[in-house]
Amino acid sequence: MTESATAREITAAVVRKKGSFELEPVLLDAPRDDEVLVRIVATGLCHTDLVVRDQVYPVPFPVVLGHEGAGVVESVGAAVEKVAPGDHVAVSFLPCGRCRPCFDGSPASCANFNAINFSGRRPDGSHALRPAQGGGTLHDRFFGQSSFATHAITNERNTVKVRADAPLELLGPLGCGIQTGAGTVLRALKVGAGATFAVMGAGAVGLSAVMAARVAGATTVIAVDVLPARLELAMELGATHVVNGREKDAVDEIRRITGGGVDFALDTTGLPALIGQMVEALRQRGTAAILGASGADAVIGLPANAFMQGCKTLMGVVEGDSVPDVFVPQLLDLHMQGRFPFDRLVRFYDFDQINEAAADAASGAAVKPILRIG
């Protein structure tokens, strides 16, 4: 039986023009041998969805976005062994599994990451989604899932089985935004007990980093932002100090608090000026990470001699350098133990409120929107 003969009609949020989502019926083909059909229960809405919707990162239109899906497996392809129908899953980014970084155990650094996760199609050029009325192309496969829909075709490689006693509607952001902040602290920077740490930006990613730094045993955790409500939340989630960047010089404050600079820092904003401040706020031999999405023409400027003589390290990090099959269950266990309360970041919206959720994410009114779909 062909894929077309087994297509089902589902509802998806389609971006047909810059800046907005439209809910409409689309056709979803059956999973291929290495793929999984997931009934989406809920999916997080991330900054990356918005920058693609707004064409800061150009992906062909029309397209179905969504890359923090969570749901229940309905069926699997013939070659799938990792999950089975009925399993609860969170869906993450899709690595190729064949490049040097993937073989080295760093799938988040996949050499083919952009081609697989942002091209709007499978590597062979095909799609899992089609317009319900026929005619034209509907781009999909966003992060190997396109989970702004009632159902999604995922790949075995980016489908993570999770414990069945966890609140499934909450878990999607573990597959991207939450693991990005927490993984950068725990896996990439390897912040340890007694360390000093600062984060530029207290959104979902930055606050996940704050919680992870507390889990790691950092004794000084500094959050920098311009929104008082987010700084207040940072203190509740584990920050020992906060700095309002509109009111005080962040570098001076970090140096004052630590007596010279932090051991580790990360930037979630992607703004070159703040990246420069982050590096300046490091102590001698300190290490900083960039994980925020910058504009295509953004350039980082650093004073070369000061950087060299400070013996500092600046690294780029994607998805927290995580291996989702390992790290997502670890974060979930920490959450279920009450040690990683990422539910404090969440505001729920119905699926048909997706444009409202996007507006609230852009304005800062919501830290981490989650769309209830199933």
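Residues numbered from 1 in each chain as written. Predicted model: local features only at pLDDT ≥ 70, side-chain atom pairs only at ≥ 80, totals over all residues. Heavy atoms only, no water.

**So, the environment of E156**
Part 1 of the argument: Its location among the elements puts E156 in the loop between β8 (151–155) and β9 (159–161).
Part 2 of the argument: Here the alpha-carbon distance between E156 and H127, two residues 29 residues apart in the chain, equals 17 Å.
Part 3 of the argument: The residues touching E156, leaving out its near neighbours within four places in the chain, are D34, E35, V36, A79, V80, E81 and K82.
Part 4 of the argument: Within polar-contact distance, the side chain of E156 engages the backbone nitrogen of E81 at 2.8 Å. (Helix = DSSP H or I, 4+ residues; strand = E, 2+ residues; numbered from the N terminus. Contact = heavy atoms within 4.5 Å. Polar contact = N/O pair within 3.5 Å; in protein donor to acceptor, adjacent residues only side chain to side chain.)

**With respect to the nonpolar core**
Generally speaking, soluble globular proteins have nonpolar side chains that are buried together.
Part 1 of the argument: Core analysis: the largest hydrophobic core is formed by 53 residues, its most contacted members being L171, V191, F197, L266 and F340.
Part 2 of the argument: Excluding residues that lie within four positions of it along the chain, F340 makes contacts with I178, A182, S208, M211, A212, L331, L334 and H335.
Part 3 of the argument: Counting residues in hydrophobic clusters, the runner-up holds 50 residues, among them V15, V26, L45 and F113. (Core = buried A, V, L, I, M, F, W, Y, C linked by side-chain atoms within 4.5 Å. Buried < 20%, exposed > 50% of the residue type's maximum accessible area, 1.4 Å probe, protein only.)

**Some words on empty space enclosed by the protein**
Part 1 of the argument: In this structure the tally under the stated criterion is one cavity of 30 Å³ or more.
Part 2 of the argument: Empty space within the largest cavity amounts to approximately 40 Å³.
Part 3 of the argument: In this structure, the largest cavity is lined by L28, A128, L129, D140, R141, Q145, S146, A149, H151, A152 and I153.
Part 4 of the argument: In terms of residue count, β8 provides more of the lining of the largest cavity than any other element does, three residues in total. (1 Å grid on protein atoms, 1.4 Å probe; cavity = no way out; pocket = protein on both sides within 12 Å on 5 of 7 lines; lining within 4 Å. Points joined across faces, edges and corners; volume = space filled by probe spheres on them.)

**What to know about the packing of helix α4 (residues 177–188) against helix α10 (residues 324–336)**
Part 1 of the argument: Closest axis-to-axis distance for the α4/α10 pair is 11 Å, and the angle between their directions is 95°. Between α4 and α10, the interaxial angle falls into the category roughly perpendicular. Contact with α4, carried on its side by I178, Q179, A182, G183, L186 and R187, involves P324, F327, V328 and L331 of α10 and no other residues of that element.
Part 2 of the argument: Tallied by class, the residues present in the contact of α4 with α10 amount to seven nonpolar, two polar and one charged. (Axes fitted to C-alpha atoms, helices over the stretch in contact; angles between N-to-C directions. Parallel < 35°, antiparallel > 145°, perpendicular 65-115°, else oblique. Nonpolar A, V, L, I, M, F, W, Y, C, P; charged D, E, K, R; others polar.)

**A look at the pairing of strand β14 (residues 282–290)**
Part 1 of the argument: Pairing geometry for strand β13 (residues 262–267) and β14, over five bridges, is parallel. What sits directly across from L266, in β14, is A289.
Part 2 of the argument: Between the parallel pair β13 and β14, the chain is carried across by helix α8 (residues 272–280), and the sense of this crossover is right-handed. (Pairing = 2+ DSSP bridges. Right-handed = clockwise from strand over helix to strand, strands pointing away.)

**Quick notes on helix α5 (residues 204–216)**
Part 1 of the argument: With 13 residues, α5 should reach 18 Å at 1.5 Å per residue; the first-to-last C-alpha distance of 18 Å fits that figure.
Part 2 of the argument: Residues of α5 that are buried: A204, V205, G206, L207, S208, A209, V210, M211, A212, A213 and A216.
Part 3 of the argument: Where α5 is buried, its residues contact α4, β10 (196–200), β11 (220–225), α6 (228–237), β13 and β17 (368–372).
Part 4 of the argument: Two residues or fewer past α5, G217 is found with a positive phi of approximately 95°. (Expected span 1.5 Å × (residues − 1).)

**What to know about the sheet that holds β10**
Part 1 of the argument: Sheet architecture is open: six strands sit in the order β12-β11-β10-β13-β14-β15, paired in parallel fashion. Edge strands, defined here as strands with exactly one partner in the open sheet, are β12 (241–244) and β15 (313–316). The sheet shows a mean angle of 15° between the axes of neighbouring strands, taken without regard to direction.
Part 2 of the argument: Inspection of the sheet shows β10 paired to β13 by four bridges, in the parallel sense. Looking at the pairing, A198 lines up with A265 of β13.
Part 3 of the argument: In this fold α5 packs onto β10, β11 and β13, with an angle of close to 170° to the strand it touches most, β10.
Part 4 of the argument: Contacting β10, β13, β14 and β15, α8 crosses the sheet at an angle of about 150° to β14.

**Focus on the state of the cysteines**
Part 1 of the argument: Here the structure, examined in full by the defined rule, presents zero disulfides.
Part 2 of the argument: There is no disulfide at C176, and the cysteine sulfur nearest it, in C46, is 4.6 Å away. (Disulfide = S-S within 2.5 Å.)

**Digging into the layout of surface pockets**
Part 1 of the argument: Empty space within the second largest pocket amounts to approximately 280 Å³.
Part 2 of the argument: Looking at the second largest pocket, it is lined by 16 residues, and the ones nearest its centre are L94, R122, P123, N155 and R157.
Part 3 of the argument: For the lining of the second largest pocket, the class distribution of residues is four nonpolar, four polar and eight charged.

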